[in-house]
Amino acid sequence: MSGEQELGITESKEHATGEWYAEVVQKAGLADYAPMGGFIVTRPRGYAIWEHIQDHLDGWFKDTGVDNAYFPLLIPESYLEKEKDVVEGFDPEVAWVTHGGHDELEERLAVRPTSESIIAPFMAQWTRSHRDLPMRLNQWCSVVRWEATETKPFFRTKEFLWQEGHTAHAEEDGAWEETMTRLDQYARLYEDVMAMPPLKGRKPEHDKFPGAHTTTTIETLMPDGKSVQAATSHYLGTSFAEAFDITYADEDEEDNVAHTTSWGISWRAMGALIMTHSDDQGLVLPPAVAPTQVVVVPIWQEDTKDDVIEYAADLAAELEESGVRVDLDDREHRNPGFKYNEHELNGVPLRVEVGPHEVDDEEATLVHRPDSDQETVDREGIAETTQDHLDTVHAKLYANAEETLDGEIREAESREEILGTIGQHGGYVKAGWCGDEACEEPIKDAIAAEIVMVPLDRDEEPIHDECAICGEPSEETAYFAKSY
Ligand SMILES: [Zn+2]
């Protein structure tokens with residue numbers, strides 16, 4: 001029995017969110033800590049979730065003109081230096097390769113912290129005429145940033161998996177449209193695949209990607225009231241193209257500078273997903289990313305064993321044939337209760353129970369992971385019924401997350417009110433803002449909350465006429481929140 005207890009989650013999501021999260025990640029078999037601080041080992045169940053996220057996005061990217069490519073892990077120091085013309089580099093966070101075997105390298109090589117400095121020079125080479133544009137490249141890879149912070153799987157790791165898209169366009173319009181296309185695809189990923197309501201916005205000027213004209217962002221709310229920057233899409237203007245000489249000859253053979261974009265999502269999305277839906281029983285996953293969507297558990301006595309197992313196996317086979325990712329759990333050395341706990345811990349969205357009654361009545365009992373709701377349904381048409389129930393599980397998860405979010409967007413009209421509201425409830429607080437970074441400082445200093453976004457539309461009227469901090473006329477609505 002002690003073995004069963006250790007299997008389960010012991011921390012509380014509500015009272016010890018950080019510890020609970022770490023426990024879910026490990027006990028649900030998603031990841032382990034690597035021997036080097038800041039690195040994790042992604043286990044098959046964790047990696048499978050990432051693959052489903054990848055599959056969806058990658059398909060949408062390809063449908064909208066993006067080609068995948070792959071650039072080297074190591075970047076010459078002189079290439080990184082070139083980026084400094086545009087941005088303050090990632091210097092203190094860069095890991096360097098200084099030796100090959102026993103020989104010191106003539107030029108240090110950076111382990112990529114991001115790849116524009118190696119991708120942009122090649123885009124410059126490949127872009128000759130307006131006919132080469134738009135050029136849309138994406139790579140799925142890992143990057144390394146040597147930040148000395150506490151390891152939190154998928155949220156804070158020195159190496160993380162991501163995709164980075166880099167595009168070049170002849171005109172501003174095309175580049176701006178590209179920026180929004182990718183932002184919308186990230187929003188769609190959160191809504192339709194991960195069952196999380198996204199907030200779409202723009203980073204304030206002082207917090208945009210260095211060198212970018214505009215940084216757009218997807219923010220999602222975590223159960224502890226903090227916001228996660230869940231994906232970003234940047235319109236870079238011509239600054240990077242100028243630095244890296246991405247130019248093209250137009251129809252009149254005149255040389256022009258291209259407009260570029262970049263956009264990315266990392267496995268932090270997985271962290272946000274796990275934290276949003278999971279509970280004190282363990283992992284909860286929306287069906288679209290669940291490695292196993294349905295588990296069929298036969299429940300038998302000695303005299304009914306053969307019939308029940310045969311019936312369950314036949315049912316599982318029919319589901320598999322219909323395209324559902326299904327497991328038949330007919331292990332003999334585990335009782336049904338143990339199996340239920342284990343599949344709940346592992347986040348299987350739907351359980352199908354089959355016992356002698358179901359066999360006799362040609363039925364099956366479906367149990368939803370998020371709320372244990374169950375329904376006994378006809379065996380006939382089980383594939384279609386199962387799909388309906390998987391859709392319902394997704395809808396329930398989305399509705400829960402949306403309800404939480406709706407209650408967590410508040411308004412404030414003064415510094416004290418912003419501090420008090422975030423201090424007491426967490427979540428987002430909308431306030432009028434003059435646009436001056438200095439007006440973020442007192443909030444940052446007092447409670448470590450910041451302006452996580454402003455509305456996408458620059459022309460949107462601010463929520464209040466006056467800046468909540470300084471009283472000057474407000475330029476836009478700021479969303480204050482604590483953030484990951
Ligand atoms: Zn102000």
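All figures in this text were calculated on a predicted structure; none of them were measured in a lab.

## A closer look at the pattern of salt bridges
Pairing of side chains with opposite charge becomes possible as their charged atoms draw close.
Right, on to step 1. Across all of its chains, the model carries 25 salt bridges by this definition.
Right, on to step 2. Arg331 is the partner of Asp329 in a salt bridge, and the nearest nitrogen-oxygen pair spans 2.9 Å.
Right, on to step 3. As a salt-bridge pair, Lys396 and Asp371 come within 2.7 Å of each other at their nearest N and O atoms. On the criterion of sequence distance, the pair formed by Lys396 in helix α12 (residues 382–407) and Asp371 in the loop between β18 (363–368) and β19 (374–378) is long-range, its members being 25 residues apart.
Right, on to step 4. Three or more residues joined by partner-sharing salt bridges are found here, namely Asp329, Arg331, Lys339 and Glu342.

## Quick word on the sheet that holds strand β21 (residues 428–433)
Right, on to step 1. With mixed pairing, four strands are arranged side by side in an open sheet as β20-β21-β23-β22. The sheet is open, and its two borders are formed by β20 (409–411) and β22 (449–453), each paired with just one other strand. Within the sheet, the average angular offset between the axes of one strand and its neighbour, ignoring direction, is 40°.
Right, on to step 2. Taken together, the four bridges between β22 and strand β23 (residues 476–482) define a ladder with antiparallel strand orientation.

## Concerning the coordination of the zinc ion
Right, on to step 1. Listed as protein donors to the zinc ion are Cys434 (SG), Cys439 (SG), Cys467 (SG) and Cys470 (SG); their distances from the metal cover 2.3 to 2.4 Å.
Right, on to step 2. Around the zinc ion sit four donor atoms; with metal-centred angles ranging over 104 to 116°, the donor geometry is tetrahedral.
Right, on to step 3. Each donor residue of the zinc ion lies on one chain, and together they are spaced C-x4-C-x27-C-x2-C. Highlighted residues: Cys434 in the loop between β21 and α14 (441–447) and Cys470 in the loop between β22 and β23, separated in sequence by 36 residues.
Right, on to step 4. Judged by relative accessible area, which is 38%, Cys470 ranks as partly exposed.

## Side note on the side chain of Ser266
Right, on to step 1. By secondary structure assignment, the location of Ser266 is in strand β14 (residues 259–266).
Right, on to step 2. Judged by its relative accessible area of 16%, Ser266 falls in the buried class.

## Here's the deal with the sheet that holds β19
Right, on to step 1. Strand order across the open sheet formed by five strands is β16-β15-β17-β18-β19, with mixed pairing between neighbours. Edge positions in the sheet fall to β16 (326–328) and β19, since each of these pairs with one other strand and no more. Adjacent strand axes in the sheet meet at a mean angle of 25° when their direction is disregarded.
Right, on to step 2. In terms of strand pairing, β18 meets β19 through five bridges, oriented antiparallel.

## Some words on the packing of aromatic side chains
Right, on to step 1. A complete count under the given rule lists 14 aromatic pairs for this structure.
Right, on to step 2. A ring pair is formed by Phe61 and Tyr186, whose centres lie 6.5 Å apart and whose planes are at 85°; its orientation type is edge-to-face. On the criterion of sequence distance, the pair formed by Phe61 in helix α3 (residues 44–63) and Tyr186 in helix α6 (residues 172–193) is long-range, its members being 125 residues apart. In this pair, the class of Phe61 matches that of Tyr186, namely buried.
Right, on to step 3. Taken together through their ring pairs, the aromatic side chains of Trp50, Phe61, Trp140, Tyr186 and Trp263 make up a single cluster.
Right, on to step 4. The ring of Trp96 carries Arg108 above its face, with NZ or CZ at 3.9 Å from the centroid.
Right, on to step 5. If you follow Arg351 out to its NZ or CZ, it ends over the ring of Tyr340, 3.7 Å from the centre.

Cut-offs applied
Residues numbered from 1 in each chain as written. Predicted model: local features only at pLDDT ≥ 70, side-chain atom pairs only at ≥ 80, totals over all residues. Heavy atoms only, no water. Salt bridge = Lys/Arg side-chain N within 4 Å of Asp/Glu carboxyl O. Helix = DSSP H or I, 4+ residues; strand = E, 2+ residues; numbered from the N terminus. Pairing = 2+ DSSP bridges. Axes fitted to C-alpha atoms, helices over the stretch in contact; angles between N-to-C directions. Donors = N, O, S within 2.8 Å, 3.2 Å for Na, K, Ca; no water. Tetrahedral: all angles 85-135°; square planar, octahedral: opposite > 155°, others 65-115°. Buried < 20%, exposed > 50% of the residue type's maximum accessible area, 1.4 Å probe, protein only. Phe/Tyr/Trp six-rings, centres within 6.5 Å; stacked < 30°, edge-to-face > 60°. Lys NZ or Arg CZ within 6 Å of the ring centre and 35° of its normal.

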